[in-house]
Amino acid sequence: MKSEIYEVEQGHYHLTDYDQVCADFDWSEVEKAFSWHTTGRVNMAYECIDRHVDLGKGDKVALYYKDKDHNEKYTFSDMKVNSNKAANVLKKAADVKKGDRVFIFMPRSPELYFVLLGALKIGAIVGPLFEAFMEKAVKDRLENSEASVIITTNSLVDRIPVDELPHLKHIFIVDEDVSADHIDFNALYQEADETFDIEWLEREDGLILHYTSGSTGQPKGVLHVQNAMIQHYISGHYVLDLKEDDIYWCTADPGWVTGTSYGIFAPWLNGATNVIAGGRFSPEGWYQILEDFKVTIWYSAPTAFRMLMGAGDEMIKNYDLSHLRHILSVGEPLNPEVIKWGYKVFGKRIHDTWWMTETGAHMIVNFPSMPIKSGSMGKPLPGVKAAIVDNEGNILPPNRMGNLAMKKGWPSMMRTIWNNEAKYESYFLPSGWYISGDSAYMDEDGYFWFQGRVDDVIMTAGERVGPFEVESKLVEHPAVAEAGVIGKPDPIRGEIIKAFIALREGYEPSDALKEEIRVFVKNGLAAHAAPREIEFKDKLPKTRSGKIMRRVLKAWELDLPTGDLSTMED
Ligand code: WT7
C-alpha cells in the first residue's frame, strides 16, 4: 500500500515541538529526573518503585495483574514491600551479591515482578528467560552467563540441566510442594523481613542480560547497565507519552527486551500504572483487558495487530475501548494496512517504534506530536544521532539505501556481549557508528524507512527488492494472513522472489489462487517485485517478537541447517 501522511491527532502530548527539543537536547538534563542526580546513589529498582513512595505516591496503583488465576492490584508501597521481601530471600538463602547473575524462568505472575525487582535491589544482574525455552536454550544461557541462582517453577525446573551447570548453586521454586533438592521460595518469603537496605551502585554497573540470536552461532548475551534508565525514562515520557493518570499496557513478555525496558522500567520510572496480563493471546481476552482496566496507552506488535485484524472487526463493538489515547507498535515493520485498520476500529493511528535488544530503548520512532508517514519508522529520539551509512561509515544522502546506523554513546546502549568482547566490537565501525544490521533509507524530511535486514535484501535481475515491501503488499490480498519473502538463487536472475504464505480462514490453496496473488503484487507493486514462486504453509516460522524468520524459510528452501531456533515461537 502507498504511504500516506497522517496529520497529528488531537491531544496534549509531552513532546510538542520535535525540532526544538532536538536542538536543545542534553542527556545530562534528563538525569535530573532521578534521585541519584543529587544523592549519587544509583539503583533501578529504587527509581522505579521506592522513589515514588518517598515522593508520597505510595498509594497509587503500580500494577494491575490479570490472568486466569489472578486479578490483583498492587500499589507502589505494596511493590516496595514485596520486592524487599524477595530481596531478603535471595540474599539470605543464596547469598546473592552485587554483579551475580540471577535468572528468572517462570510464567508471568506478580511474583515474577517482585523477584526481578528484588534481585535488582541486591545489585544482581537479572536474566529473564522466556517460559517456552526448552533445555538447550536454557542451558546455553545459564552456561554462558555463569548464573549462580535461578528462580523457577516445578513445571519448568526439569528443563534446567543442573549436572551440566557447575556455576548454578541455588534453584528456588515459587510453587507449593517443593522437592528437597530445591529451595522453597514461598516458605522463606512468608517469613521475610519487609525492609531491605538497597545496594547502591554505579551507573555503569550491570542491570540485565537479554539473549538474542544472530543469523549464525550461539545466542548472544546483551548486557545493559543501570545508566540505561535515562533513556527508558525519557522515551517513556516522549514516545509512550506516559502521564500521571495513564493506565499503560505493554503486551510483551519480560523474557524479551520489550517486556523489561517497556514492560517494567519505562512505565515505572514514569510513575504510571502498569497493566500486566498473563496467559495466552486471544482477541476477546485482549479487548477485555483494554476495557476492564480502561487502558489509555497500549504497546504491542504488528503480528498481534494483524491477528486482531484477522479475527474480524465485528467483535470489537462489544467492548468499550474509548479510553485508548495512544497506541504503539514494535518488533517488525508496521504495514500501512494495519495503521489504516487501527484508525478504523480504534480511532487512533498506531505509532511505529524502531529499536533492538542491543540498543536497549527506542531509537527511531513516531512521536504522537509528529505527522505519521505510514510505513516509516519515524525519526530519531532526541539525543540519538542516526544516519544511513555505507560499509565504510560514510553518510549517504537522502533516499539512498544503506546501513541503518547510530553514533555510539546513547545511554541505553549495550555495554558488552557477555563473554564475547570481540562480538561486541564487531558492531562498531572505527568511526564510532553502531551498525544495526538493518538496511534503510532516510527521506528528504528526515523520516527513516525500513528495508530489511541487511542480509535479506533481494537482488533480482539487477533490481533491489526489500522483502518487507513485497510482504506488505501480499498481506493486503484478502486471502493472505501472513507472508514471508526470500530471495531464491536463480541462474539467470541472480535471485528470484519466493513467497511463503499462510492463508486466512476460509481460503484453500490452489494454483489459481497463486496466480491471482502473483498478479495482485505485479499490479499493485511492480512486476519485478511479484513472487515467481509461491508456497502455502499452515504457519510461518516467527520469533517471539513476531518477526518472520526469513533465514528459516531460506534454510528450508535450500535444505540448509536452520541455525539457532531458541527465539522462535512454539
Ligand atoms: C530487530 C531487532 C526491541 C524490539 C523488539 C525486537 C526489527 C524492530 C522494528 C520496526 C521494522 C523492526 C529490526 C531490528 N525491528 N522494530 N519498527 N520496523 N523492523 O527486538 O529481537 O532485538 O530485533 O527487529 O530488524 O534490527 P530484537
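Cut-offs and rules
- Residues numbered from 1 in each chain as written.
- Predicted model: local features only at pLDDT ≥ 70, side-chain atom pairs only at ≥ 80, totals over all residues.
- Helix = DSSP H or I, 4+ residues; strand = E, 2+ residues; numbered from the N terminus.
- Buried ≥ 20, exposed ≤ 12 C-beta atoms within 10 Å, placed from the backbone.
- Contact = placed C-beta atoms within 7 Å.
- Domains from an automatic or database assignment.
- Nonpolar A, V, L, I, M, F, W, Y, C, P; charged D, E, K, R; others polar.
- Axes fitted to C-alpha atoms, helices over the stretch in contact; angles between N-to-C directions.
- Parallel < 35°, antiparallel > 145°, perpendicular 65-115°, else oblique.
- Left-handed = near helix turned anticlockwise from the far one by under 90°.
- Pairing = 2+ DSSP bridges.
- Right-handed = clockwise from strand over helix to strand, strands pointing away.
- pLDDT = per-residue confidence, 0-100.
- Near = placed C-beta within 6 Å.
- Core = buried A, V, L, I, M, F, W, Y, C linked by C-beta atoms within 7 Å.

### Quick notes on the overall build of the protein
Looking only at helices and strands, one finds 17 helices and 28 strands in the protein. Considered along the principal axes of its C-alpha atoms, the protein spans approximately 70 × 55 × 55 Å. Residues counted as buried form 49% of the 570 residues belonging to the protein. Sequence-distant contacts in the protein: of pairs separated by 6 or more residues, those separated by 24 or more amount to 66%.

### Concerning the domain arrangement of the protein
With domains assigned, the protein is organised as domain 1 (5-441) and domain 2 (459-558). In this assembly, 16 residues from domain 1 lie in contact with 14 residues from domain 2. Elements with a minimum of two residues in the side of domain 1 that touches domain 2: helix 12 (302-310) and helix 13 (336-346). The element contributing the most residues to the side of domain 1 that touches domain 2 is helix 12, with four residues. Grouping the amino acids of the side of domain 1 that touches domain 2 by side-chain chemistry returns seven nonpolar, six polar and three charged.

### Remarks on the packing of helix 4 (residues 44-54) against helix 5 (residues 76-94)
Remark: helix 4 packs on helix 5, axes separated minimally by 8 Å, with the N-to-C direction vectors making an angle of 130 degrees. Classified by the angle between their axes, helix 4 and helix 5 sit oblique to one another. Of the two possible hands of crossing, helix 4 and helix 5 adopt the one that is left-handed. For the pair helix 4 and helix 5, the contacting residues are Ala 45, Ile 49, Asp 50, His 52 and Val 53 in the first and Phe 76, Ser 77, Met 79, Lys 80 and Ser 83 in the second. For the contact of helix 4 with helix 5, the per-class residue count stands at five nonpolar, three polar and two charged.

### Some remarks on the pairing of strand 11 (residues 247-250)
What you see with strand 11 is no split at all: Ile 247 and Trp 249 on one side and Tyr 248 and Cys 250 on the other are buried throughout. Relative to strand 12 (residues 273-277), strand 11 runs parallel, the two sharing three bridges. Following the sheet pairing, Tyr 248 is matched in strand 12 by Asn 274. Considered for its hand, the β-α-β crossover made up of strand 11, helix 10 (residues 257-269) and strand 12 is right-handed.

### Regarding the confidence of the model for the protein
Averaged over every residue, the pLDDT of the protein is 93; residues scoring 70 or more account for 98%. Listed scores for the predicted complex are pTM 0.88 and ipTM 0.99.

### A short note on the site of the ligand
The environment of the ligand is made up of 21 residues, and the closest members are Trp 354, Met 356, Thr 357, Phe 450 and Ser 545. Mapped onto the shell around the ligand, the elements with two or more residues apiece are helix 10, strand 15 (350-354), strand 22 (433-442) and strand 23 (448-453). Here the shell around the ligand is composed, by residue class, of eight nonpolar, eight polar and five charged.

### A few points about the sheet that holds strand 22
In space, the four strands of this open sheet follow the order 19-20-22-23, with antiparallel pairing throughout. Looking at strand neighbours, the two that pair on one side only are strand 19 (386-389) and strand 23, the edges of this open sheet. Neighbouring strand axes in the sheet, compared pairwise and without regard to direction, differ in orientation by 50 degrees on average. As paired elements, strand 22 and strand 23 share five bridges and run antiparallel to each other. From the neighbouring strand, Met 442 faces strand 23, where its bridge partner is Phe 448.

### Regarding the environment of Ala 440
Mapped onto the elements, Ala 440 comes out in strand 22. Along the primary structure Ala 440 and Gln 451 are separated by eleven residues, whereas in three dimensions their C-alpha atoms are 4.9 Å apart. When near neighbours in sequence (up to four residues on either side) are disregarded, Ala 440 contacts Ile 388, Leu 404, Phe 448, Trp 449, Phe 450 and Gln 451.

### Overview of the nonpolar core
In terms of nonpolar packing, the biggest core is built from 136 residues, with Leu 90, Ile 104, Leu 116, Ala 119 and Ile 150 touching the most fellow members. Looking at this core element by element, the count peaks at eight residues for helix 6 (residues 110-121). Among the nonpolar cores identified, the runner-up in size contains 22 residues, and Val 470, Val 475, Val 485 and Ala 499 belong to it.

### Thoughts on the sheet that holds strand 11
Taken in spatial order, the nine strands make up an open sheet running 3-2-12-11-13-14-15-16-18, and their pairing is mixed. Across the chains shown, the open sheet's two edge strands, defined by having one partner strand only, are strand 3 (71-75) and strand 18 (379-380). Against the sheet, helix 5 engages strand 2 (61-66) and strand 3, with an angle of about 90 degrees to strand 3.

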